[in-house]
Structure formats: C-alpha cells, structure tokens
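# Structural features, examined
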Amino acid sequence: GTNSWRMLRIERGTVRVADAHGQPPGIPFWLGEAPARSVELSRAVSDIRRDVDERLDDRESAIAFLVDEAGISPSAAQQLVDYLTEARRLLGVLPTQETLVAERFFDESGGMQLVVHAPFGSRVNRAWGLALRKRFCRQFNFELQAAALEDSIVLSLGPTHSFPLEEIQGYLRADTVREVLTQAILQAPMFPTRWRWVASTALAIRRYRNGRKVPPQFQRSDSDDLLALVFPDQVACAENIAGDRQVPDHPLVLQTLDDCLNELMDIGGLEALLRDMAAGNVEILTRDLTTPSPLAQEIISARPYAFLDDAPAEERRTRAIRTRNLLDPEEAATIGRLDPEAISQVCLEAWPEARTPDELHDGLTLAGFLTIPELHPADRLPWTALLAPLLADRRATVVAVPGGHPLWVSAERLAQLQLVCPQLTAEPPIGTAHAGRRSEALSREQALRDLLRSRLETLGPVTASVLAAPLGVPVADAEIALLALEVEGQAMRGRFRTPAPLEEWCDRRLLARIHRYTLKTLRRAVEPVSPAAYMRFLFRWHQVGADQVGSPAGLRAAVNRLIAFPVPAAAWEGSVLTARDRAFAPAALDQLLAGGEFLWMRPVVEAAGPQRLGPIRTTPILFLERQQLALWLSLLPDGNRATVVGRSVAAAQIHALLSKHGAMFFVDLLRVSGLPRNAAEAALRELVAGGQVSGDGFAGLRSLLLPAAQRHAPEWRRSVSADLPGRWSLTMPPLDSIPNPSDAPKLRRAAVEHVALVLLERYGVVFRSVLQRESRFLPPWRELAQALRRLEARGKIRGGRFVASFGGEQFALPEAIDYLRGVRHAGNQDSEVILSAADPLNLTGIVTPGDKVPAVLRNRVLYRNGIPVGAWLRGDFVRFAGAPSGAIGSTALLSAAIAPEGAPTGAPTRRYQGSFAPL
C-alpha cells in the first residue's frame, strides 16, 4: 500500500473513485476467497444443461431455446451449443445434478488428473474436493493438489494412485464425512485465513496500538500466536501428532470451523449429496480419456482462489496439462480413444528382443515366462535355437502346465511358477543349484502377483482371462492379484482397445506411453504445413502439371474450381485451362457451356462510366454457375444491377431485344433490329464489355477477341462463321425481377455462404491472406468468416490451423485436409510447375515469400517443390532472390519452356532484385 491507493465507493450501482490521501490499505495481502454460487442458481444451471442436452440433436432448436429461455444473444447461444455439443460427444452426457461425470487423463509429465463434473456450486464442491483429498491422502499416503469451482473438482493424482474410477462413489459416506472434512480443514489454507477473520472480529487481536493501526502483517503474526495458545495441535510438529487432531472446546476455534463448514463450504449440501448417491438418486459416470474434455479446461486453468491446498500457482501439477482448443465435432467423438497404432507400437517396444542366448535369458526373466503362441512366426525357429544352449546349461527350462501350452521359464523364475502351479513338470529339471532362491519366502499370492506384474510389463493391454490361461489358474485368482497391483499403482484397468467389450489391464508405465504416443499422433494430424507444401497441395488439387487425359468431367471439375475468378479472356484457353488438362480442346469448352451449367461474363463492379469499345485479350472474364446466378448478381452494387442501358443507341436497342425475346442468335439480332452488321457487332461488344450480355458458348467471345480484319479473312471464314457463333442473352435481370428489398438480408446470407463454399472448392483451405487476388465484388472477409463459422458449426467444414506462417482463422474441406496431409508426408519430389501469372494459383508474394508477380498475360512463374524460383517478366527471365543456385537448369531450355508464344528464347538470365508492381 502506497499513497497512490484510492478508495472505491458504490453508490446506486455507480463506482466512484476518491483519493485515499495516504491512508494505509485495508485489504490483507494474503489471498482471499471467491464468492460462491447460490443453491438456486446451481439448480438452474443443472436444469438448463438438461434441457439443452435434450435438444442438442437439433442444433437450431437448442439455439432457439437458449435465446428464448436464457435471454442471450443468438451468437452467444451458438457458441454455447457448440461448446456443449463437443462436451457431450466426448463425455457421452452433459453433467447435471442427477448425472455426474468423473474423467481421468494423463498429463504431459506422466501423472494423472481426475476431474469430477458436479454443478452444485463451489461451496459443495469445495467440501467434496477437500474431503476426497483427505481420503486419498489417508489411503495412498500422498498429499494431493486439488481445486474446486462452481461446476467441477480437480485432483492431481500421483504415480501411485491407481484405482477404478467407479470406486470414487464409495470413498465418502454421509455419516462420517463431517469428521473427515473437519480434519481436512485444519490442514487447508482456508482455516488460518478464517481464523484471522474470526479473531479480528472478536477483538481478540489488537487492530490499533498507541493510536496507530497495526499493519496487516503484524496482525497476522498476532493471530498465529493466539492460535498457538488456544489450539496447540494446529501449529504443532506433524511428527509429534498421532491420529486426528483434537479440536479444543474454544469459541474462536468452533466459530472458525463453523464458518468453514457452513459459510465457505456447505457441509449440509455435501451430506445430502452423499445420501442421494448411496440411494441411487445421483449417478456417477466414469470416463478414461486421452485429453481433457472442454468442460475440464475451466478447472485446469483455475485461479488461486479455487485451490484447496497451499501449493502456489507456479507449482501446480495442472500446469503439466496440455489442453486443446475447442474440438471439432467429428474428432470429439473419438478423442477419448487410444490410437490402435500407438498400442501396437508400445506392445512391440515392450516385447523382449533376443539375438543371443543371454538376451533370451534376460527376456525370460523380465517377462516371467513365454509361450510358443506369443512368439512371432519369424522368431519361433531362431528363438528355439537360442533356447537350446540355455536348456543345456540349466539356465532355462520348458514347463508343461496341465491344460495349457508349454512355457519357457528361466531358472530364476521357476520357483515362483512352482508356487503358483504345483502340478507342473519341467524338462529338463532344474535343481536347487540352478533355480533361484529369492522366492522361497513368498506365498502363492505374492508369487502370482510378481508373475502377473512381469506379464503386464511385457504384453501391454490384456484381459485377466488371457493372463490366467497360460498358468492354468482361475480367473478370479488372477483378478485378485491384479487388484493388489492396482492398489500399488502398478496396474490400471479400463477398455483401452476399440472395440473392447471386456475389461482390460495394463501396466501404468506402458499406458502412460500409449497416451503420449496417441497425443503425438493427434498433434501430427493437426500440425500445419509449410507454405511450400500448401502450394504443392494446390497444384495437385487443381491437377496442374499432372498427366491427365482430357475429358468433359475433368474440364468441368477445372471450371468448377475456378468459379468467379476473373482471368484475362485470352488466358483461359491459352494457359489456365491447358495447365489443368493437357488434352484441352476449345470444342470441349464450347460443349460444356452449351450444356447450360456454366456461363461466362465480364465482372463490372464500378458504376457505368467510360469503357473501351469492347472486349480485348486482357479483358477479365469469369465463369459462374447459371443456377446460382441470382446469388452472384445480388453481390453486385445496386447501381450495376439496375443498369440496363448501354452507352450507345445501338447497344440500348440490342439490350431491349434480348430483354424482350430472350436468347437470340446474332443473325436474328441483325434481322429483328435492322442494324448494320458492324453496328450490331459493336453494340454487342459494348454490352459484353459492360458485363450485361453473355453467350451460350465460348466461341462467340473467341470471335470477339480477334480483330475484325482477321475474323473476316478468307482463311478464318473457312473454319468459323463470320456471324458471331452461339446465342446471346442478358446476364443482368430486368428491373421487375429484382428481389424484394425485404428479402435482401436472407439472399445476402445465402450468397455469402455460397461464395464461401466456392472459395473452399478453389483453395481447399481458406484464410484471409489467400484471398488477396479474388474479385473485388466478393463479400468482405468479416462476412465470409461468419459464413465459414456457420458451416463449421454444421459439420460441413473444419476449422483450425492448417497452413503455417499465417494468423487468423483457417477453414478447410474435410477431404482437402486428408489430401493436404498426404502431400506433407510425401515431401519434396523435385517437381516443377510453370504457371501463367494470370492463373489463380499465382500466389507468389501472397502465400510464398517474396514479391508478387503481376498478373500480366505474357508473364510466367516457375515453381520448384512449391517454391517460386524464377519468372518470365517483360521479355526477360529473372531468378528470384534466395532461390537455390542449383534449382534452375539450362537457361535456354528454361526460357523455351516458360516463354509465351511469340516471345524470344535464349534471353539472358539476370538476378532479380527489384520489386514487382502490385496486382
């Protein structure tokens, strides 16, 4: 406390700040306590969880229920439904006051964490957590770290805590929990804090001395001295205390305990809960998971006011837990399962290896014994040869167990096996000079326990019947020995394999390793790829550079992934489509467009103004789906959508005819309009350039791109009609077909979601940076992000971090994620791809580092293993700075390969050092 402290006053809900004028602080420097939720509010939380759980199968119904019942906003309701959906997929049920859930999982250090989900409020949970901590301490002789919040309790288990989760229900009883909790309070940090409060309130501690206020740290020392006088056992050395501490009949001590039991905690509520659990009114479900559930993340990151022990925040065992972000709904259902490959790998690592007789002898000793069926077929003959010297030296023997397979046993383990199975016969027999003597003093139960311990360390997850079968002992005897190992913390039981109809047992050390391997597998699955790997993925995603046989289906897929991307008109057939289909033919594109699924048009964003007379080779042209044309046109500015008149009278006349009669051939336009051929052609070129007219094939646009002199030349007329081929129609709807303004928000939302799906189809993985070259009339990123989140919530796409080096949210198609991982695992394959700079995949300077390559028709970019190494710019080939010197071969060959048609080859190569103009 310094002179800068200020006093806070609350008047009519307003916080007012006033200068303290140098007064000392009135807040103690030790940690305080957080206020607890009321019983009624806890019941309301439980009820709303139950009501939402009943509606989670219908997401929209659950959202509507939260909006109407809880009065929260729709966006908050969506987040809450997604959160609870992921929790239920992992836990199987949402915890309520009638159905509790206890989950257990390993942390990064190999320890275990137990989280009990109980929405009873922190007063009941503090009492329950503190009593459980005391009970665990007495049973396992280990001090636990624990914390409690309104909806959950966490107990940080040690390496010796191995027990079935079902037993947690019987650890406490209603008739004895008060005594257990009282002893737990005396060792918890809450007792001295409450003691200072009670002693200060009772004026047993002097607040003022000689007219001056006693500093808080001095008051704390005085309260400790007073406690030593009235309650000596509380501050006595623990080594001198046998059994429970005896609580003195002192009013200050009794008042402190009463405050702890009934104000800070709710002992009455805990006793009622334990009675309901004993009567079966409250059910506890148990889950062994590989990673904490979403509901457990709050208690894992709890603040010091939730701690039930005096360990500081930086020393909490929960800091060793690596939590995940909100889980994908599809992953949440399987994240609690162990990876079968991880189980197989650990079992392979635990199984002994034998290359010499000595190694086989060590393996027999460590494993307890081995059977022939357990050996891998490739190991049976070599290991049999290694066993022969051991049999000759009486270091091992073969034991015949009645009704079982022969056992290979080392001399050191034979005595234990004889205690377990007295009827066995050994061949060759081993005398006392060779047999081990370390088990002479053991009982049969101890010998069986040691043998099963060794078997668990060798086999991995296994059932009790499998362990008992080779020894010929009853399964019940094996289960008793396994329970003893569980109490020691050596063995753990559960259902580890999928599917696992029977209960399995596993060595704790091996199980921790399986969990680590499973987590590594999950992390590798979501590890983002490098930008270069993402570029290789895009090339394969678009079939660029692949040896693909031309087909209508392949061309349709290529056009479908290029929807709404403006490309110079001459580049479509000159480089973009040919890069995706080496057998591309212009007639195939005409046939595809004639089917009516797609149409081409000139994108116009700005209001009508001075324009060129018609389309040229560099005029941007894009393809759209005819069925979704209304959605795309709704994204255009209202001024463009309402523009129906061109610049000239002839263009207005052609526009009126197409609006009245629909699609018309060019010869029909000439006949009906009465315009001269040149005027009609100029008007049509004007309407195409304005984005108001399109053709039912690409041949008409192909004709418009040629100069009139060339198009009317004799050699041209022999292959293409002088009349512009195909039918022509309007792309803009007439004024009377524009949607009602009241339907505009709904149409806008549908259009944005459709655009999001189109971008996902184009890039596989969508994030803000990758969209820099997209058309300007597309929705802004904020709208696209909201649409992508809605699609993710519906389970149609996946969200996460898929490409490294880029911040913000990223979204991907499920099939694209698998494809992306395959590209990453394939690694570099020295693949080279040459792209037109106008191609949508020219992401140099956007995805890959460096400067951008202008999307000029004649420019080309060379990629090697997804990294741009050079480009053809302004008639010269330039090498990018930082490109490996050996990455580019012969300059002449490279120039011939990437130079556009008509460009000179063999031009000199120079190092590129400048900056490209922005796209």
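See above for the structure.
Below is a short write-up of the structure. It should be emphasised that the depicted structure is a prediction, and the values quoted were computed from it without experimental measurement.

## So, the overall build of the chain
Check the secondary structure of the chain and you find 36 helices and 29 strands. In the chain, which comprises 919 residues, the share counted as buried stands at 50%. Sequence separation of at least 24 residues holds for 69% of the intrachain contacts in the chain that already meet a minimum separation of 6. About 43200 Å² of surface is accessible on the chain, with carbon and sulfur atoms providing 53% of the total.

## Observations regarding the packing of aromatic side chains
A complete count under the given rule lists twelve aromatic pairs for this structure. Note on F136 and Y171: the rings are 5.2 Å apart at their centroids and 85° apart in plane angle, and the pair reads as edge-to-face. Pair noted here: F136 is in helix 4 (residues 122–140) and Y171 is in the loop between strand 6 (152–157) and helix 5 (177–187), with a separation of 35 residues, a long-range link. Members of the aromatic cluster, connected to one another through ring pairs, are Y534, F537, W541, F767, F806 and Y819. The positively charged end of R55 is found above the aromatic ring belonging to F65, 4.2 Å away from the centroid. R316 extends its terminal NZ or CZ atom over the ring of F307, reaching a point 3.8 Å from the ring centre.

## Side note on the side chain of Q183
Looking at where Q183 falls in the secondary structure, it is placed in helix 5. Under the relative-accessibility criterion, Q183 is labelled buried at 9%.

## A word on the pattern of salt bridges
Tallied over the full model, the rule gives 37 salt bridges. The partner of D309 in a salt bridge is R316, and the shortest N-O contact between them spans 2.7 Å. A relative accessible area of 5% means that D309 is categorised as buried. Taking relative accessible area as the criterion, R316 reaches 8% and is therefore assigned buried. Its salt-bridge partner being E809, residue R789 comes within 2.5 Å of it at the nearest N-O pair. Taken together, the positions of R789 in helix 34 (residues 781–793) and E809 in the loop between strand 23 (798–800) and strand 24 (810–812) put the pair 20 residues apart, joining distant regions of the chain.

## Remarks on the sheet that holds strand 11 (residues 396–400)
If you trace the four strands from one edge of the open sheet to the other, you get 10-12-11-13, paired in antiparallel fashion. Each edge of the open sheet carries a strand with a single partner, namely strand 10 (370–371) and strand 13 (425–427). Its contacts with the sheet put helix 14 (residues 357–367) on strand 10, strand 11 and strand 12 (407–410), and the angle it makes with strand 12 is roughly 100°. Relative to the sheet, helix 15 (residues 377–392) contacts strand 10, strand 11 and strand 12, its axis offset from that of strand 11 by approximately 105°.

## Looking at the sheet that holds strand 3 (residues 99–106)
The strand order across the open sheet formed by five strands is 5-6-4-3-9, and the pairing between neighbours is mixed. Pairing within the sheet leaves two strands with one partner each, and these edge strands are strand 5 (145–148) and strand 9 (283–288). Between one strand and the next, the sheet's axes are offset by a mean angle of 15°, whatever the strand orientation. Bridge count between strand 5 and strand 6: four bridges; the pairing is antiparallel.

## Observations concerning the packing of helix 4 against helix 10 (residues 267–279)
Contact pair helix 4 / helix 10: the axes reach a minimum separation of 9 Å and the direction vectors enclose 70°. As judged from the angle between their axes, helix 4 and helix 10 are roughly perpendicular. Facing helix 4, whose interface residues are V124, A127 and W128, helix 10 presents G269, L270, L273 and M277. Of the residues that constitute the contact of helix 4 with helix 10, the class distribution is six nonpolar, one polar and no charged.

## Some thoughts on the nonpolar core
Residues Y534, W632 and Y763 are the most contacted members of the largest nonpolar core, which totals 112 residues. Leave out the neighbours within four places in its chain, and W632 touches I563, A564, L624, E625, H754, V755, V758, F777 and L778. Counting residues in hydrophobic clusters, the runner-up holds 74 residues, among them F106, V177, A188 and L227.

## Focus on the pairing of strand 14 (residues 491–494)
Side chains A491 and R493 of strand 14 all project onto a buried face; the interleaved residues M492 and G494 project onto the opposite face, where all are buried too. Pairing analysis gives four bridges linking strand 14 to strand 15 (residues 504–507), with the strands arranged antiparallel. Residue pairing in the sheet places G494 in a bridge with E504 of strand 15.

## Quick look at helix 16 (residues 411–420)
Across the ten residues that make up helix 16, a large majority, seven, are buried. All of the buried residues in helix 16 are A411, R413, L414, A415, Q416, L417 and V420. In this fold, the buried residues of helix 16 make contact with helix 14, strand 11, strand 12 and helix 17 (444–459).

## A word on the pairing of strand 6
Here strand 6 lies mainly inside the structure; six of its six residues are buried. Covered by surrounding structure in strand 6 are S152, V154 and S156 together with I153, L155 and L157, the residues of both alternating faces. Hairpin connection between strand 5 and strand 6: a loop of three residues separates the two successive antiparallel strands.

## Here's the deal with helix 21 (residues 531–541)
Given 3.6 residues to a turn, an α-helix orients residues that are three or four positions apart in the same direction. Buried residues dominate helix 21, accounting for ten of its eleven residues. Considered for burial, the residues of helix 21 that qualify are P531, A532, A533, Y534, M535, R536, F537, L538, F539 and W541. A positive backbone phi angle near 60° is found at Q543, which sits one or two residues after helix 21.

## What about the state of the cysteines?
Counted under the stated rule, the structure contains zero disulfides. Of all cysteine sulfurs in the structure, the one in C506 sits closest to C347, which takes part in no disulfide; the separation is 7.3 Å. Judged by relative accessible area, which is 17%, C347 ranks as buried.

So, how was this worked out
Residues numbered from 1 in each chain as written. Predicted model: local features only at pLDDT ≥ 70, side-chain atom pairs only at ≥ 80, totals over all residues. Heavy atoms only, no water. Helix = DSSP H or I, 4+ residues; strand = E, 2+ residues; numbered from the N terminus. Buried < 20%, exposed > 50% of the residue type's maximum accessible area, 1.4 Å probe, protein only. Contact = heavy atoms within 4.5 Å. Areas by Shrake-Rupley, 256 points an atom, 1.4 Å probe, with all protein chains shown as cover. Phe/Tyr/Trp six-rings, centres within 6.5 Å; stacked < 30°, edge-to-face > 60°. Lys NZ or Arg CZ within 6 Å of the ring centre and 35° of its normal. Salt bridge = Lys/Arg side-chain N within 4 Å of Asp/Glu carboxyl O. Pairing = 2+ DSSP bridges. Axes fitted to C-alpha atoms, helices over the stretch in contact; angles between N-to-C directions. Parallel < 35°, antiparallel > 145°, perpendicular 65-115°, else oblique. Nonpolar A, V, L, I, M, F, W, Y, C, P; charged D, E, K, R; others polar. Core = buried A, V, L, I, M, F, W, Y, C linked by side-chain atoms within 4.5 Å. Disulfide = S-S within 2.5 Å.

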